[in-house]
Amino acid sequence: MRHETDRLRALNVPQRVQVELDEQRRPRVVMREPGNVKRVESLGENWRMDDEWWRQPIVRRYVEVVLEGGGRVVLFEDLITGEWFVQT
Amino acid sequence: MIRTSHLTSDSAACCWIPLFALRCETARRPELASQSCALLAPDHPRPPRVWQVSALARHAGVKPGMTVSQAIGLCPSLKLCEPDPVHYDERFAQLLTALAGVCPVVEPVELGRVYVGTDGLERLYGSVEQIIEAIKRGTRNAERGTETESSLACSAFPLPRSAFRVGWGRGKFVAWVAANRARPGEAVIVRPGEEGRFLASQPLGVLPLDPDTYRRLRQLGIKTLGALAALPEDAVVSQFGRPGRQLWQLAAGRISEPVVGRVAPEPIIAALTFFSPVAGRELLELALDHLIVRALKDPRRSGWRVQVMRARAELEQGASWLVETRLKEPSASRERLLAPLKTQLERSPPAGAVERLAVEFTGFAPGTTELQLFARDANAAARAGRRRALQSAAEEIKLRIKRPMLYHVIAVQPWSRLPERRYALIDYET
């Protein structure tokens, strides 16, 4: 008997980043990895998302930012753990 | 050569229903029985050609292989029917399943023609005549799907006359020639030792000849297998090459090919592990669909139709879920396999969120090689060509970098608010 299992690999998985905030808790600097540090040029929309409250609650604060050099990324803060992630 | 005794058989019964597809069509549409009708060839869309021709149309001069305009020119009242290969194949699969109930050594050749290995059946049924009766009895119900009932229902016969012809002999060729000589509903038996005498009087047309070889043999004045076998083997080989040797040996009764049955494949399992437990029915249906497609692609499934399948799931907190379904009509169609599982999923859904889902094909019914014939149309060939090219590229990549680097993107929860839940990658199957 043959057993075959495929594991699904999720697309667009959030990646952990270090974010430096200003006094209003808005992202000011984003560090994806050591040596790859980008200043935030401008802020776009922000929104909050609450989901899966019945299982393991997911609470995120999303912020759309434009980094120096023109790169547009979407960041979110996990409001339960306080960690920041990038997700396009 | 090592043979597994229960899968091969030297003695063969050739069961033959000529014009099987046309018979299936007239059984479904009895009004065709009294008309000149013909089926269009499934593998010749342009220009459309005639495939199987009814007796009335044949009398008017219509022959298989003619273009539609030629056929209509000869027989203006000709009723042309679009072929329905899936229906014919299902009917034939029923016949094969019925034959497999009589003897496990069953070898389908084409729609309507199948060999049954009869070695050892005498202990079960008795003499050769009784074995043939057992075959006829066993297939009677399946055969009804190829008969027109209305025209004869009110006659002295409660059932229409069988079209089933049976030939019995040592080896497939002798059995086939015997079936060819048999009248509808009857059998011709060629007992061991009588093969040479029986074959000698048969016309050349029973040999697997291409038209050119047939013409050349006729020009040489050879009309029977006996006349061909009377020639020196070397002379036939020098004229017709390797195929000539095979023809000579068949004509002389020197070749006795055994019937070779097939072992039903082991259960085929396709499984999927979700990256987060899933409770939504739509997503589970999507996953079942994906798993059915994967299981159908398993090379061991080739030539077999699925009759019994199961869906099972591992749930959160260690619970599980299992449903089994037996298809009335064995099928290799994704939609037909998915439908009963969807119904079961709706009726008795899993009691919790699913972590791992699997589809198992556990019961099979033989298919036919004829399906490959039907897949010969240009589009199917092009699709198959592209798929082959992609598969070979994927295999090359896997070979070179030791990792599968080709993936399918599949929609997992496209409606999810969490972006990482919407789409996922899954290995591209080679």
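Residues numbered from 1 in each chain as written. Chains lettered and ligands numbered in written order. Predicted model: local features only at pLDDT ≥ 70, side-chain atom pairs only at ≥ 80, totals over all residues.

Asker: Explain the overall build of chain A here, please?
Answerer: When helices and strands are tallied, chain A shows zero helices and eight strands. From first element to last, N terminus to C terminus, chain A shows the α and β order β-β-β-β-β-β-β-β. Burial status across chain A gives 15% buried among its 88 residues. Counting only contacts in chain A whose residues sit at least 6 apart along the sequence, the fraction spanning at least 24 positions is 32%. (Helix = DSSP H or I, 4+ residues; strand = E, 2+ residues; numbered from the N terminus. Buried ≥ 20, exposed ≤ 12 C-beta atoms within 10 Å, placed from the backbone. Contact = placed C-beta atoms within 7 Å.)

Asker: What should I look at first to understand the overall build of chain B in this one?
Answerer: Of regular secondary structure, chain B possesses 15 helices and 16 strands. Within chain B, buried positions represent 34% of all 430 residues. Long-range contacts, defined here as pairs at least 24 residues apart, represent 61% of the contacts in chain B between residues at least 6 apart.

Asker: Looking at this model, I keep getting lost on the environment of B:M405. Mind explaining?
Answerer: Within the secondary structure layout, B:M405 lies in the loop between α15 (378-401) and β15 (407-411). Spatially, the C-alpha atoms of B:M405 and B:A394 are 7.7 Å apart, while their sequence positions differ by 11 residues.

Asker: What should I look at first to understand the interface of chain A and chain B in this one?
Answerer: Frequently, the measure chosen for interface size is the accessible area that the parts lose on association. Tallying the contact residues gives 18 residues for chain A and 21 residues for chain B. Listing elements by their share of the side of chain A that touches chain B, those giving two or more residues are β1 (5-7), β2 (9-10) and β5 (36-51) of chain A. The greatest single-element share of the side of chain A that touches chain B, amounting to three residues, is contributed by β1(A). In terms of residue class, the side of chain A that touches chain B is made up of eight nonpolar, four polar and six charged. When β2(A) meets strand β16 (residues 423-427) of chain B, the two strands line up antiparallel, connected through two bridges. In the sheet register, A:A10 faces β16(B), and the bridge partner there is B:A424. (Nonpolar A, V, L, I, M, F, W, Y, C, P; charged D, E, K, R; others polar. Pairing = 2+ DSSP bridges.)

Asker: Would you explain the nonpolar core in this entry?
Answerer: In summary, soluble globular proteins display a tendency toward joint burial of nonpolar side chains. Ranked by size, the top nonpolar core spans 101 residues in total, and within it B:C14 and B:V116 carry the most contacts. Ignoring any residue separated from it by four or fewer positions in sequence, one finds B:C14 in contact with B:R113, B:Y115, B:V166, B:G167, B:K172, B:A175, B:W176, B:A178 and B:A179. A:V17, A:V19, A:V63 and A:V65 belong to the second-largest nonpolar core, a separate cluster that totals nine residues. (Core = buried A, V, L, I, M, F, W, Y, C linked by C-beta atoms within 7 Å.)

Asker: When you look at the confidence of the model for chain A in this model, what are you seeing that I'm missing?
Answerer: Low pLDDT means the predicted atomic positions in that stretch should not be read closely. Residues and elements named next belong to chain A. Per-chain confidence: chain A averages 88 in pLDDT, with 92% of residues scoring 70 or above. Averaged pLDDT values over the elements of chain A bottom out at 59 in β1 and peak at 95 in strand β8 (residues 84-86). Low confidence marks residues 1-5, where pLDDT is under 50. Its contacts with residues over four positions away, or in another chain, come to 11 contacts. (pLDDT = per-residue confidence, 0-100.)

Asker: Would you mind going over the sheet that holds strand β3 (residues 37-40) of chain B with me for this structure?
Answerer: Backbone-to-backbone hydrogen bonds pair the strands of a sheet. The strands run either parallel or antiparallel. Residue and element names in this part refer to chain B. Sheet architecture is open: three strands sit in the order β4-β3-β5, paired in mixed fashion. Bordering the open sheet on either side are β4 (50-53) and β5 (79-81), each of which pairs with just one other strand. Direction aside, neighbouring strands of the sheet carry axes that sit 35° apart on average. With three bridges connecting them, β3 and β5 associate as parallel partners. Residue pairing for β5: L39 is matched across the bridge by C81. Sitting on the sheet, helix α1 (residues 20-28) is in contact with β3, β4 and β5, with an inclination near 115° to β3. (Axes fitted to C-alpha atoms, helices over the stretch in contact; angles between N-to-C directions.)

Asker: In this structure, what is going on with the sheet that holds strand β9 (residues 187-189) of chain B? I would like to understand it.
Answerer: All names here are of chain B. Spatial ordering of the open sheet is given by β6-β7-β2-β8-β9, a layout of five strands whose pairing is mixed. Single-partner strands in this sheet number two, and they are β6 (106-110) and β9. Averaged over neighbouring strand pairs, the angle between their axes works out to 20° when direction is ignored. Pairing geometry for strand β8 (residues 165-170) and β9, over three bridges, is parallel. In the sheet register, G167 faces β9, and the bridge partner there is V188. Where helix α7 (residues 172-181) meets the sheet, it contacts β2 (11-16), β7 (113-117), β8 and β9, and its direction lies at approximately 150° from that of β8.

Asker: Would you take a moment to explain the packing of helix α12 (residues 281-297) of chain B against helix α13 (residues 334-347) of chain B for this structure?
Answerer: Packed helices, taken two at a time, are described by their axes: the angle between them and the distance between them. Residues and elements named next belong to chain B. Contact pair α12 / α13: the axes reach a minimum separation of 10 Å and the direction vectors enclose 145°. For the element pair α12 and α13, the recorded crossing hand is right-handed. Contact residues: α12 offers R281, L284, E285, L288, D289, I292, V293 and L296, while α13 offers R334, L337, L338, L341, K342 and L345. (Left-handed = near helix turned anticlockwise from the far one by under 90°.)

Asker: Honestly, the pairing of β2(B) in this entry has me stumped. Any pointers?
Answerer: If a strand is regular, its side chains alternate between the two faces of the sheet. All names here are of chain B. The element β2 is extensively covered by neighbouring structure, given that six of its six residues are classed as buried. Bridge analysis of β2 against β8 gives six bridges, and the strand direction is antiparallel. Paired with C14 across the strands is G167, a residue of β8. Looking at chain direction, β2 and β7 are connected through five bridges and run antiparallel. Note that in β7 the partner of W16 across the bridge is R113.

Asker: Whenever I open this one, unusual backbone geometry confuses me. Can you help?
Answerer: Trans peptide bonds make up the majority, and among non-glycine residues the majority have a negative phi. One non-glycine residue, A:N12, lies in the positive phi region at around 65°. Within the secondary structure, A:N12 is located in the loop between β2 and β3 (15-21). Located in the positive-phi region is B:L19, a residue other than glycine, with phi close to 50°. Position of B:L19 among the secondary structure elements: in the loop between β2 and α1. We classify B:L19 as buried; it has 20 C-beta atoms within 10 Å.

Asker: I would appreciate a short explanation of the pairing of strand β4 (residues 27-33) of chain A in the present structure.
Answerer: Residue and element names in this part refer to chain A. Relative to β4, β3 runs antiparallel, the two being bridged by four bridges. Counterpart to L21 in the pairing with β4 is P27. Bridge analysis of β4 against β5 gives four bridges, and the strand direction is antiparallel. Bridged to V29 within β5 is R39. Here β4 hands over to β5 after two residues, with G35 in that stretch at a positive phi of 95°.

Asker: Would you mind showing me how to read the environment of B:A187 here?
Answerer: All names here are of chain B. With respect to the helices and strands, A187 occurs in strand β9. With 24 C-beta atoms counted inside 10 Å, the residue A187 sits in the buried group. Each C-alpha atom of the pair A187 and E129 lies 8.6 Å from the other, and the pair is 58 residues apart in sequence. Once you skip the residues sitting within four places of it in the chain, A187 turns out to touch I132, V166, G167, W168 and A182.

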